[in-house]
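# Structural overview
Okay, here's what each chain looks like letter by letter:
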Amino acid sequence: MKKTFALTHPKKAPARVVESVKHDVKKYIRRERNKTLPAGTDFWDFDCKFGHTEQEAKVIHVKEINKYIDEAEKLELPSLYLEILAKPATRAQRPDFDFDEE
């Protein structure tokens, strides 16, 4: 998803528009996570970018999306740019520890 969301609407309160944006983002992420994974992968990872405009977008973590949307609301921005791209990923192996040795 690469989209510029308008945070202003002539008939809706800004808080309701922000809730709608958050709902759309959550729905997209849920839909992507429910897709079948390619063989040899463990989970869906997301590459995310956020900015006031597409040119100003910077890389963020998927868990920080709501924080940045709230920040845009506080700054009373007219719009925001959000890019979320799903990619299959494999979890890194944890090193095995031998707890018996002391």
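Look a little higher up for the structure.
Below you will find a few notes about this structure.

About the criteria used
Residue numbers here run from 1 along each chain, matching the order of that chain's written sequence. Per-residue local features are limited, in this predicted model, to residues with pLDDT of at least 70; the limit for side-chain atom pairs, both in listing and counting, is 80 or more; totals at the level of whole chains, interfaces and linings are taken over all residues. Derived side-chain values reflect all non-hydrogen atoms in the structure, with water molecules and hydrogen atoms excluded from consideration. Only protein chains enter the accessibility calculation, which uses a 1.4 Å probe; a residue whose area is less than 20% of its type maximum is buried, one above 50% is exposed, and one in between is partly exposed. Each helix is a run of DSSP H or I of at least 4 residues and each strand a run of E of at least 2, with the numbering of both proceeding from the N terminus. Here, the arc refers to the directions that run from the helix axis to the C-beta atoms. Here, two residues are considered to be in contact whenever any of their heavy atoms come within 4.5 Å of each other. We call two strands paired when DSSP finds no fewer than two bridges between them. To obtain an axis, a line is fitted to C-alpha atoms, over the contacting stretch when the element is a helix, and the angle between two such axes runs from 0 to 180 degrees between their N-to-C directions. Excluding any residue in a salt bridge, patches collect residues exceeding 30% relative accessible area, merging like charges within 9 Å and nonpolar Val, Leu, Ile, Met, Phe, Trp and Tyr side chains within 5 Å. The method behind every accessible area is Shrake-Rupley, applied with a 1.4 Å probe, and residues are considered shielded solely by the protein chains displayed. A side-chain nitrogen of Lys or Arg and a carboxyl oxygen of Asp or Glu constitute a salt bridge if their distance falls within 4 Å. His is not counted, nor are the chain ends, whereas Lys and Arg count as positive and Asp and Glu as negative. Here the site of a charge means atom NZ of a Lys, CZ of an Arg, CG of an Asp or CD of a Glu.

### A closer look at helix α2 (residues 65-74)
Within the span of α2, buried status applies to Ile65, Tyr68, Ile69 and Ala72. Projected down its long axis, α2 carries its buried residues within an arc of 100 degrees, all on one side. On its buried face, α2 sits against α1 (14-33), β2 (43-51), β3 (58-60) and β4 (79-89). Following α2 by one or two positions, Glu76 adopts a phi angle in the positive range, close to 55 degrees.

### As for the sheet that holds β3
Taken in spatial order, the four strands make up an open sheet running β1-β4-β2-β3, and their pairing is antiparallel. Every other strand in the sheet has two partners, leaving β1 (2-6) and β3 as the edge strands with one partner each. Neighbour-to-neighbour, the strand axes of the sheet open up by a mean angle of 30 degrees, direction not taken into account. Here α2 sits on the sheet and contacts β2, β3 and β4; the angle it forms with β2, its principal contact strand, is near 20 degrees.

### As for a positive patch on the surface
A surface patch of positive charge is lined by Lys3, Lys26, Lys27, Arg30 and Arg31. When residues in the positive patch are grouped by element, the largest group, four residues, is from α1. Among the secondary structure elements, Lys26 is positioned in helix α1.

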